[in-house]
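For reference, the chains in residue letters:
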Amino acid sequence: MDYVLQTDHLTKRYRKTNVVDQVSLTVRAGEIYGFVGKNGAGKTTFIRTILGLTPPTEGTFRFFDGQELSAARKRTGSLVEGPSLYKNMTAQENIELYTRMLRADRKHSQELLKTVGLADTGKKRVSNFSLGMKQRLGIAMALVGNPDFLVLDEPINGLDPKGIVEMRELLLNLHRAGKTIFISSHILGELEKMATRYGIIAGGHLVEEITAEQLRQICVARTVIRTNDPQRAAKVAVRLLPADAVSIENDLLIVSQPIENIGALTNAMFAENIIVSGISSDDNSAEQYFIRRMEEGSV
Ligand SMILES: Nc1ncnc2c1ncn2[C@@H]1O[C@H](COP(=O)(O)OP(=O)(O)O)[C@@H](O)[C@H]1O
Ligand SMILES: [Mg+2]
């Protein structure tokens, strides 16, 4: 198996607006594909379209190297806009009902609550569950039928920090167990410790696809240096560092590669009577990169 999902110029138009606009993306087997975009970017509409919940206006999509659609649907589990759960029933009862509806394997379903960390909720009704527990039960429902591909629309949205960690661990475990996962979020940071590849969507357009490794290389240890004279500081910096790694943003000197000898750099600046008043590494540069790309894409 090569790819799990491939869309070709997929477009969904509401009234006269292309909410999803010519999106061609590929999810390969074994990936955790992070689908990132601001609220209103078109993530849910894209997901609803590939799941067959709404027809595309233009373009096509295929699953599992072009497998026949009804067979492919059985290999795909999803969680879109919060799980549909029966609140008066227990976790177990919800799973059992859904298993019967899908005519899925009961034996496998019994394991599911353990997989998502809800095995000991017993007689507790879903109405008394925390949001994190409901979301995890939603993942368990998506896993009924033992699908190869999980499509999850903002499963982390609204969770508290503990819930986020639990959800991330659950998804990483499922990935280790061989599932391919497509997960959307409007917050990159939530996906950053998980995704192996990203697609950035803005204003319905797929702005970019980028692997986690490429993103890491783009964002290597940016160092931000505050001085009283950024122009002269930059001239000093390019004596010691490659010119294309040195830039000025908002009166700050930015070095976009690891600096082996920061002492040599600051000494050279002191020697030129430049005052260095702060040095920091820019940990949030991946987030900045995505924000920039999303803003470029939506204009
Ligand atoms: N059924 C619909 N009819 C009309 N407009 C819609 C419909 N569903 C979504 N939209 C619009 O499409 C845009 C994208 O929405 P959505 O796919 O929900 O974005 P996201 O999930 O990225 O927040 C929004 O402007 C939204 O108002
Ligand atoms: Mg949405």
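Reading the values: rules and limits
- Per-chain numbering applies: the sequence of each chain, read as written, is numbered from 1 onward.
- Labels are handed out in written order, letters beginning with A for the chains and numbers beginning with 1 for the ligands.
- Restriction of local features to residues with pLDDT of at least 70 applies here, the model being predicted, together with a cutoff of 80 or more for giving and counting side-chain atom pairs; totals for whole chains, interfaces and linings are based on all residues.
- Calculation of side-chain values draws on the structure's entire complement of heavy atoms; hydrogens and water are dropped beforehand.
- When DSSP finds at least two bridges between two strands, those strands are taken to pair.
- A helix here means a DSSP run of H or I that spans at least four residues, while a strand means a run of E at least two residues long, and both kinds are numbered starting from the N terminus.
- Note on geometry: axes are C-alpha line fits, over the in-contact stretch for helices, and angles between N-to-C directions span 0 to 180 degrees.
- Between two residues, a contact is recorded if the distance between any of their heavy atoms is within 4.5 Å.
- For this analysis, a salt bridge means a side-chain nitrogen from Lys or Arg found within 4 Å of a carboxyl oxygen belonging to Asp or Glu.
- Classification of residues uses two cut-offs on accessible area relative to the type maximum, computed with a 1.4 Å probe and protein chains only: under 20% is buried, over 50% is exposed, and between them is partly exposed.
- The split into domains, and so the bounds of each, comes from an automatic or database assignment of domains.
- Here is the rule: rings of Phe, Tyr and Trp (six-membered ring for Trp) pair when centre to centre is within 6.5 Å. Planes less than 30 degrees apart are stacked, more than 60 are edge-to-face, and the remainder are tilted.
- Any pair of N or O atoms that falls within 3.5 Å is considered a polar contact. Within protein, one atom must be able to donate a hydrogen and the other to accept it, and sequence-neighbouring residues count only if both atoms are side-chain atoms.
- Comment: arc refers to directions from the helix axis out to C-beta atoms.

S.K.: Go over the sheet that holds strand β14 (residues 276-281), please, and point to the residues and values.
M.R.: Strands sit in the order β12-β13-β11-β14 across an open sheet of 4 strands; the sheet is antiparallel. For this open sheet the edge positions go to β12 (246-249) and β14, each flanked by a neighbour on one side alone. Put simply, the sheet's adjacent strands are angled 25° from each other on average, direction ignored. The sheet contact formed by β12 and strand β13 (residues 252-255) spans 4 bridges and is antiparallel. Directly across from Ser 247, in β13, lies its bridge partner Ile 254. Most of the contacts of helix α10 (residues 262-271) go to β14, to which it runs at about 155°, and overall it touches β11 (223-227), β13 and β14.

S.K.: Describe the pattern of salt bridges, with residues and values.
M.R.: Under the counting rule described, the total for this entry stands at 11 salt bridges. In this structure, Asp 148 and Arg 75 form a salt bridge, with 2.8 Å as the shortest nitrogen-oxygen distance. Of this pair, Asp 148 sits in the loop between α5 (131-143) and β7 (149-153) while Arg 75 sits in the loop between α2 (69-74) and β6 (76-79); the two residues are 73 residues apart in sequence, bridging distant segments of the chain. The partner of Arg 232 in a salt bridge is Asp 229, with the nearest N and O atoms 3.0 Å apart. The class for Arg 232 is partly exposed, based on a relative accessible area of 33%.

S.K.: If you had to explain the domain arrangement of the protein to someone new, which residues and values would you point to?
M.R.: As a measure of interface size, the accessible area lost when the parts come together is often cited. Parsing the protein into structural domains produces domain 1 (3-211) and domain 2 (223-281). The gap between the C-alpha centroids of domain 1 and domain 2 is 45 Å.

S.K.: Go over the packing of aromatic side chains with me, naming the residues and quoting the values.
M.R.: According to the stated counting rule, one finds 7 aromatic pairs in the structure shown. Ring plane angle 45° and centroid distance 5.0 Å describe the contact between Phe 35 and Phe 46, whose orientation is recorded as tilted. Residue Phe 35 is located in strand β4 (residues 32-36), and its partner Phe 46 is located in helix α1 (residues 43-50); the two are separated by 11 residues in the primary sequence. Note on accessibility: Phe 35 and Phe 46 belong to one class, buried. Among the aromatic residues, those joined into a cluster by ring pairs are Tyr 33, Phe 35, Phe 46 and Phe 182.

S.K.: Quick rundown of the side chain of Ser 184? Include the residues and the values.
M.R.: Within the fold, Ser 184 resides in strand β8 (residues 180-185). Given the relative accessible area of 1%, Ser 184 is considered buried. Only 2.9 Å separates the side chain of Ser 184 from the backbone nitrogen of Glu 154, close enough to count as a polar contact. Sequence-distant contacts of Ser 184, that is, excluding residues within four places in its chain, are made with Phe 35, Lys 43, Ile 47, Leu 152, Asp 153, Glu 154 and Pro 155.

S.K.: Explain helix α9 (residues 230-240) residue by residue, including any values.
M.R.: Every buried residue of α9 is accounted for by Pro 230, Ala 233, Ala 234, Val 236 and Ala 237. One side of α9 carries all its buried residues, which in axial view fall inside an arc of 165°. In α9, the exposed positions that point more than 90 degrees away from the buried face belong to Gln 231, Lys 235 and Arg 239. Buried residues along α9 sit against β11, β12, β13 and α10.

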